[in-house]
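Examining the three-dimensional arrangement
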Amino acid sequence: MTLTGPVGVGKTAVAAAAAWNRRQRHPDGAGWVDLTSVTVDDGVPVAVASALGVQMAGADPVDAVVRALSPRTVLLVLDNCEQVVPGVAALVSRVAARCPGVTVLATSREPLDLDLEAVHRLAPLEVAPGDRPDAAALPAVRLFVERWRRGTGPGAGADPDPAAVVDICRICASVGGLPLGIELAARRARAFSLSEIADSVADDPRGLTRDARSDRRDRTLADAVDASHRLCGDAEQVVHRRIAVLAGPFTLAAAQAVAGTPPLSPGGVMDALGGLVHRSMLSVDHTDADPTSTERTSTGRTRFRQLVPVRADATERLRAAGDEAAALDRRDRWVSRLVATGPRRGRPGQREHYEALDRDAATVAAAADSMFAAPAGDRGALLASRMVGYWYDRNRSVEGRRRLAAAVAHPGCSPFPAAAAAAALGAVLSIARRPGDARPHLERSVPVLAAVTGERAAEAAGLLVDVASAGWVGDDWAYAARVAGVALDRCVAAGADYEALIAEAVLAAAALFAGPPERALDRAEQLLRRDGIRENGQALLFVCATAGIAALFLHDVEAGLHWTAEALRQSDAIGALNTGGVLEQRAAHLSAAGRPADAVRCLAASATRARRTGAPWPGHPGTAELLDGARRRLSDVSFAAAWAAGSGSCPPPTASGSRTGSRRSGRPPARLPMVPHGRNHRLGPIRCDGPQRHRTGAA
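Now for a quick tour of the structure. As the structure is a computational prediction, the values presented were derived from the model and not from experiment. (Residues numbered from 1 in each chain as written. Predicted model: local features only at pLDDT ≥ 70, side-chain atom pairs only at ≥ 80, totals over all residues. Heavy atoms only, no water.)

Time to look at the overall build of the protein chain. Each helix and strand in the protein chain was counted, giving 31 helices and eight strands. Relative to its 699 residues, the protein chain shows a buried fraction of 54%. Pairs at least 24 apart in sequence give 72% of the contacts found in the protein chain among residues at least 6 apart. Summed over its atoms, the accessible surface of the protein chain is roughly 29,400 Å², and 52% of this surface lies on carbon and sulfur atoms. (Helix = DSSP H or I, 4+ residues; strand = E, 2+ residues; numbered from the N terminus. Buried < 20%, exposed > 50% of the residue type's maximum accessible area, 1.4 Å probe, protein only. Contact = heavy atoms within 4.5 Å. Areas by Shrake-Rupley, 256 points an atom, 1.4 Å probe, with all protein chains shown as cover.)

Okay, the pattern of salt bridges next. Tallying each qualifying case throughout the model produces 39 salt bridges. Taking the shortest distance from any N to any O, the salt bridge between Arg 317 and Asp 226 comes out at 2.7 Å. A residue pair is termed long-range when its members are at least 10 positions apart, and Arg 317 in helix 13 (residues 308-320) and Asp 226 in helix 9 (residues 221-230) qualify at 91 residues. Close ionic contact of Asp 323 with Arg 330 constitutes a salt bridge, the shortest N to O distance being 3.6 Å. Judged by relative accessible area, Asp 323 falls into the buried class, the value being 14%. Bridged by salt links that share partners, the residues Arg 206, Asp 226, Arg 230, Asp 313, Glu 316 and Arg 317 form one connected network. (Salt bridge = Lys/Arg side-chain N within 4 Å of Asp/Glu carboxyl O.)

Here we take up the packing of aromatic side chains. Aromatic ring pairs are reported here in terms of the distance separating the ring centres and the angle at which the planes meet. Enumeration according to the criterion identifies seven aromatic pairs in this entry. When the centroid spacing of 5.4 Å and the interplanar angle of 65° are considered together, the rings of Tyr 354 and Tyr 390 count as edge-to-face. Here the residue Tyr 354 occupies a position in helix 15 (residues 350-359), and Tyr 390 occupies one in helix 18 (residues 388-393), the gap between them amounting to 36 residues. When sorted by exposure, Tyr 354 lands in the same class as Tyr 390, which is buried. By way of ring pairs, the aromatic residues Trp 617, Phe 639 and Trp 643 are connected into one cluster. Positioned over the ring face of Trp 20 is Arg 23, at 3.7 Å from the centre of the ring. Its end group placed over the ring of Tyr 498, Arg 347 keeps NZ or CZ at 3.9 Å from the ring centre. (Phe/Tyr/Trp six-rings, centres within 6.5 Å; stacked < 30°, edge-to-face > 60°. Lys NZ or Arg CZ within 6 Å of the ring centre and 35° of its normal.)

Let's shift gears to the packing of helix 15 against helix 27 (residues 557-574). One can describe the packing of helix 15 onto helix 27 by two numbers: an axis separation of 6 Å at closest approach and a directional angle of 60°. Relative to helix 27, the element helix 15 is oriented oblique. When helix 15 is examined against helix 27, the residues Gln 350, Arg 351 and Tyr 354 are found in contact with a partner set consisting of Asp 572, Ala 573 and Ile 574. A per-class count over the contact of helix 15 with helix 27 returns three nonpolar, one polar and two charged. (Axes fitted to C-alpha atoms, helices over the stretch in contact; angles between N-to-C directions. Parallel < 35°, antiparallel > 145°, perpendicular 65-115°, else oblique. Nonpolar A, V, L, I, M, F, W, Y, C, P; charged D, E, K, R; others polar.)

In this section: the sheet that holds strand 4 (residues 102-107). Strands pair in a sheet through their backbones, by hydrogen bonds, and they do so in one of two ways: parallel or antiparallel. Taken together, five strands build an open sheet; the order of strands is 2-3-4-1-5 and the sheet is parallel. Strand pairing shows two members of the sheet lacking a second neighbour, strand 2 (30-34) and strand 5 (119-121), which therefore form its edges. Between one strand and the next, the sheet's axes are offset by a mean angle of 15°, whatever the strand orientation. In terms of strand pairing, strand 1 (residues 2-4) meets strand 5 through three bridges, oriented parallel. Across the sheet, Thr 2 pairs through a bridge with Val 119, a residue of strand 5. (Pairing = 2+ DSSP bridges.)

To continue, consider the nonpolar core. Core analysis: the largest hydrophobic core is formed by 110 residues, its most contacted members being Val 239, Ile 243 and Trp 472. Here the element with the most residues in this core is helix 24 (residues 497-510); it accounts for eleven residues. Setting aside anything within four residues of it in sequence, one finds Val 239 in contact with Ala 259, Leu 264, Val 269, Ala 272, Leu 273 and Leu 276. Judged by nonpolar contacts, the second largest core, of 29 residues, contains Val 65, Val 74, Ala 89 and Leu 91. (Core = buried A, V, L, I, M, F, W, Y, C linked by side-chain atoms within 4.5 Å.)

The final tally for this structure, using the stated rule, is zero disulfides. With no disulfide partner, Cys 169 has as its closest neighbouring cysteine sulfur the one in Cys 172, 6.2 Å distant. Of the residues examined, Cys 169 reaches a relative accessible area of 4% and is grouped as buried. (Disulfide = S-S within 2.5 Å.)

Attention now goes to unusual backbone geometry. A cis amide bond, omega 15°, links Pro 262 with the succeeding residue Pro 263. The topology assignment puts Pro 263 in the loop between helix 11 (252-259) and helix 12 (266-278). Even without being glycine, Asp 113 reaches a positive phi, approximately 60°. Structurally, the position occupied by Asp 113 is in the loop between strand 4 and strand 5. With relative accessibility at 56%, the residue Asp 113 sits in the exposed group.

This part covers the pairing of strand 4. In terms of residue burial, strand 4 counts as a mostly covered element, since five of its six residues are buried. Here strand 1 runs beside strand 4; their pairing, made up of two bridges, is parallel. Within strand 4, the position partnered with Thr 2 by the bridge is Ala 106. As paired strands, strand 3 (residues 74-79) and strand 4 are joined by five bridges and run parallel to one another. Paired with Val 77 across the bridge in strand 4 is Leu 105. A crossover links strand 3 with its parallel partner strand 4, the connecting element being helix 4 (residues 85-98), and its sense is right-handed. (Right-handed = clockwise from strand over helix to strand, strands pointing away.)

This is the structure we're talking about:
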């Protein structure tokens, strides 16, 4: 077996523990051979013979080792093999063939590539923010505390307080969870505070130094990474330094974009990445569309990560090569193309596009920050304006507001990009129900966009559609209708038929609050008969929202359950994750249908989504009353079971303790995926006194 992994991951320590634990299985004991000082392949059998006390007497060293081991039952540990892999592989092959009682355990930054070899890759320890509830129990933190106590002597037995845990987590993150880095950082506690250590390690993680008495040549993490770098081929070294501009986990596509220029081709980048993984200079995980998944599938996506000390080495080499500016520009241009060419506003393929953005989210964020810091701000402003739908649909609105604010504040934007960014910021502020903050940006940008002609006309019309959609989501229905009317005119003039359908759907939804609901429902049903509507995800969202609200007016439980079920089924199809509002609405229909346990499950799922994104919950004023009613109708055991089924581990709020998070009138957000398939569900005549009766929680 070969234990592999990056520098400092603890291969030697694991091998020592394994040798000790298996000592009873080897009557003739264990032999430990440290190959650190061996630099040529022919020196491997000589080093092994010397460590085992084998007398060579002029014989071939390999033959001498094999003769000495063949009659014995022994564990042979070969430590630090990476610089002499061919020599180790040749010796192990002979031993495996001639010595049946010998078990070989090797440690190396790359496998030996033998047929009988079992490879076990060691990964760094998990790191997390210090404010995570279980942070103190993480293995990385416990390792630091253990070494910290060992170094500071008596009086250091107390558990670290929360502030200390935060600093320790910073230290562990700065060394990428590498046990060696954690141990070396803990040694500094003999003289420095935890905050001082955290700051110093964040500035220079590779500068951590082994004890002066160590006989290792790689006395610092920088030395160890450098030793691994020397083992890489030319193409691997080029890719190693160029991918330093990719923050966090990244995909093959991102690596090819930044590294696939002469002397390398995209195919050459793929091979070089494989080589870097083989040499433990890159960590790898196989994921499917969910970037948080750890399940490896045959159709999944591979993402890579440079550990912090490795990335620091790569960044230094990139700068020394004079290639940093060019690599950053290639990254930023690739991100701009990825965002600009991806389907938006519910077009087919939007989910896959969102998943691609998720997989390279760290690189997209780094590129956006780089564009905002550039002297010319047009590229960053356009990027941010094109990501509004993604940020909203993927529950990243807080991130969107922050980045759009940076784009709007940039002094170097020309008129159209400046108006695009201002309109997008106004849209996300409208969604957050902050009309006072949104309106100045919209008053400045909407007239500019409405006057755009020529090649930018279609994009300007689409931004107006975004503003109208956001106004409806933010309960500003009259303003949404006014902007939708302007957007419709501009879409028709620009030949943007897809966006024109969305504008008409917003007008239909806004009509619910400006006259008889029957009129709004008729307009929505007419849209369902229009050519192209089935491929227009966002227009269908508004059509179905209109039908769902009509079901609330009519207290038509069957219709309400139909439309909310369609909403939840379609959310997966277009990649929209912001389904908390429709779940609350569905809970009201389930309660009215006499299904309180199912209603609680929907409310629990809605609360869990809000908790994960930091959004207030509930989103509708009738939800607290609805939840209390379900408590009264269910036993404590049944209520708890239903909540657990919907939420996982999120505890339910106390009775009457739910916080109303908005002034919503009980309808789902406009861009929730509510797409009808099959029948055109006619709700029938609606008889009510007007919009004031429309509220979630009404049975």
